Amino acid sequence: MRSPFIAWFPSKIKAGTLARGTGHLIDLAPTFYELANATYPASYQGTTTNSLPGKSLINLLFNGQELDAGRPLFWEWAGNRAVRRGKWKLVSIYPSYQWELYDLESDAGETQNVASRNSNLVDELSALYFNWAKQTDVVDYDKIKPKEPLLPTPKKSSLGNRNF
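We now turn to the structure provided with this report. On a predicted model such as this, the values are computed, not experimentally measured, just so you know. (Residues numbered from 1 in each chain as written. Predicted model: local features only at pLDDT ≥ 70, side-chain atom pairs only at ≥ 80, totals over all residues. Heavy atoms only, no water.)

So, on to the layout of surface pockets. Put simply, the largest pocket is a space of about 1500 Å³. Ser3, Phe5, Gly21, Thr22 and Gly23 are, among the 43 residues lining the largest pocket, the residues nearest its centre. Here the lining of the largest pocket is built from residues that sort into 22 nonpolar, 10 polar and 11 charged. (1 Å grid on protein atoms, 1.4 Å probe; cavity = no way out; pocket = protein on both sides within 12 Å on 5 of 7 lines; lining within 4 Å. Points joined across faces, edges and corners; volume = space filled by probe spheres on them. Nonpolar A, V, L, I, M, F, W, Y, C, P; charged D, E, K, R; others polar.)

Written out as structure tokens, the structure reads:
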């Protein structure tokens, strides 16, 4: 997935510049806390809060310094799951749970599944995913899925694109 992020901050972000880096929605809160020179609360009304999982984007936005490309990013939605680290994206589409691996540098459209040629990398990235899922209490979708689909089932692209 690739989505542009447009930021404007007079005297901090030079107009017309382009900064390249891989970020995630989870990086916004740490960025805003740093901008506000605020500290994320360790507790709220007597309840211990979870720490923020993202990283601030300040160095990327203000100084053009790339984020750690080796930092894995994870997501899960309705049983679909993925991990991205550097140029690699590992995904599985519910309900098959078969891992697919894509080299985003050479195949940005995710048309060539290279999992069978990179089984060690699939094992490594899937272990990272399952560790993250355990740490963040990802619930098995089969236990919570609705009896009737909430949305129409999308048709599979003829190119096999797995963007979600």
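Let us look at the environment of Ala108. Summarising the element assignment, Ala108 is placed in the loop between strand E6 (100-103) and helix H3 (119-135). What makes Ala108 partly exposed here is its relative accessible area of 42%. Between the C-alpha atoms of Ala108 and Asp140, which are 32 residues apart in sequence, the distance is 29 Å. (Helix = DSSP H or I, 4+ residues; strand = E, 2+ residues; numbered from the N terminus. Buried < 20%, exposed > 50% of the residue type's maximum accessible area, 1.4 Å probe, protein only.)

Our next topic: the environment of Asp142. Tracing the sequence through the fold places Asp142 in helix H4 (residues 141-144). On the basis of relative accessible area, Asp142 is assigned to the partly exposed category, the value being 44%. In this structure, the C-alpha to C-alpha distance between Asp142 and Ser51, residues 91 residues apart in sequence, is 28 Å. Here the side chain of Asp142 touches Tyr94 through a polar contact of 2.2 Å, side chain to side chain. (Polar contact = N/O pair within 3.5 Å; in protein donor to acceptor, adjacent residues only side chain to side chain.)

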